[in-house]
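# Geometric and topological summary
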Amino acid sequence: MAKKLILLAGLLLAQPVAAQPVAAPYTWVTLGTMGGPMPRPGRNEPANLLVRAGEAHLIDTGDGAMTEMADAGADYPDLRTIWISHIHFDHLGGLYAVLGLRLQTRTVRPLTIYGPPGMKEIVAGLIAAMRPSARSGFGIPGEVPIDPATNINVVELDDGAVVKLDAFTVRVATNTHYSFTPGSPEEHIYRSLSYRFDLPGRSIIYTGDTGPSEKVTQLAKGADMLVTEMIDLDNTLAQMDRRVRHISPEEKAHMAEHLTRHHLSTQAIGEMAARAGVGKVVVTHIAGGAVQGADATYRDQIGRLFKGPVVIAKDMERF
């Protein structure tokens, strides 16, 4: 009897174990790569897509984000989350269209919008603006309208927040896109956020808009890919002189200070990437860039300090 039990146990151990299904990897798509707010042909405003079969996540929603999401092959009902880095219009101008399409297609799957303080007020305002259209519906007598707020959840985040979803974890750091006095009411209310997406098999950090920042550098430590903003300062200031002549000298000085202090030069990107030890740099939100023939110059300047691969992204590139 004992021999039979031993033989049976051996046969069971020898049976092949059924392979567990491996989840498809996520792809990062640069939907819009132009730093706003000025429009430029050939590049859309800042938006990115994290996508795999049956699941989509938008990271910033500049104008045109929904069209670009469709161009990327993502199915709108698969949208699960939206991550807004900060409340400048070039990063959320397309959010109204995202919510409007949800209303028009009567999509009621849960959608969570993450972002800095102020997002609840913004989303509430957008939903309020949708209500007249929601009440009119398709213009059919007796139609029952739906509430545009159905299953929309807004979560405001701050420095050090950690969000754990089913398939990945997101870590948050405040950055230096604003320079309000520490401890002031403005500094407490207005935040610009950087996000680290720790995915199955790799990690991606998205700087959003920021100047040089030790917190962002630490958040990026060991990441496989750094998706970073960039400013071509000389070109941006030259464009400002040409295109916003109507503003006062004081307003122009504030704008110039913002552009100089609150964005990343190619040198700053190279320093951050090297110190953080990232595997690859993808440059997007190219403020003042998209100059003919400039990509090689930007890569060379970043490469003086960071020795890994550098990509100056275009719209609809996949990583």
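Please refer to the structure higher up on the page.
Worth saying up front: this structure is predicted, and the values here are computed from it rather than measured.

### Some details on unusual backbone geometry
Phi at Arg106 is positive, roughly 50°, even though this residue is not glycine. For Arg106, the location among the structural elements is in the loop between helix 4 (95–104) and strand 5 (111–115). The class for Arg106 is partly exposed, based on a relative accessible area of 33%. The phi dihedral of Asn151 is positive, around 60°, even though this residue is not glycine. The residue Asn151 is located in the loop between helix 5 (119–136) and strand 6 (152–156) in this model.

### A few points about helix 4
By the burial criterion, the buried members of helix 4 are Leu95, Val98, Leu99, Gly100, Arg102 and Leu103. A positive backbone phi angle near 50° is found at Arg106, which sits one or two residues after helix 4.

### Things to note about the packing of helix 4 against helix 5
The contact between helix 4 and helix 5 brings their axes to 10 Å, and the two run at 45°. Here helix 4 lies oblique to helix 5, going by the angle between them. For the pair helix 4 and helix 5, the crossing hand works out as right-handed. Along its contact with helix 4, which presents Leu95, Tyr96, Leu99, Gly100 and Leu103, the element helix 5 presents Met119, Val123, Leu126, Ala129, Met130, Ser133 and Ala134. Classifying every residue of the contact of helix 4 with helix 5 gives 10 nonpolar, two polar and no charged.

### Comments concerning the packing of aromatic side chains
Taken as a whole and judged by the stated rule, the model has 10 aromatic pairs. Judged by centre distance (4.0 Å) and plane angle (10°), the ring pair of Trp83 and Tyr114 falls under stacked. Within this pair, whereas Trp83 is found in strand 4 (residues 79–83), its partner Tyr114 is found in strand 5, the two being separated by 31 residues in sequence. Considered together, Trp83 and Tyr114 belong to a single accessibility category, that of buried residues. Ring geometry for Trp83 and Phe197: centres 5.8 Å apart, planes at 85°, overall edge-to-face. In this pair, Trp83 is assigned in strand 4 and Phe197 in strand 9 (residues 193–199), connecting sequence segments 114 residues apart. Trp83 sits in the buried class, given a relative accessible area of 0%. Overall, the relative accessible area of 0% leaves Phe197 in the buried class. Of the aromatic side chains, those joined through ring pairs into one cluster are Tyr26, Trp28, Trp83, Tyr114, Phe168, Tyr195, Phe197 and Tyr206.

Cut-off values and rules
Residues numbered from 1 in each chain as written. Predicted model: local features only at pLDDT ≥ 70, side-chain atom pairs only at ≥ 80, totals over all residues. Heavy atoms only, no water. Helix = DSSP H or I, 4+ residues; strand = E, 2+ residues; numbered from the N terminus. Buried < 20%, exposed > 50% of the residue type's maximum accessible area, 1.4 Å probe, protein only. Axes fitted to C-alpha atoms, helices over the stretch in contact; angles between N-to-C directions. Parallel < 35°, antiparallel > 145°, perpendicular 65-115°, else oblique. Left-handed = near helix turned anticlockwise from the far one by under 90°. Contact = heavy atoms within 4.5 Å. Nonpolar A, V, L, I, M, F, W, Y, C, P; charged D, E, K, R; others polar. Phe/Tyr/Trp six-rings, centres within 6.5 Å; stacked < 30°, edge-to-face > 60°.

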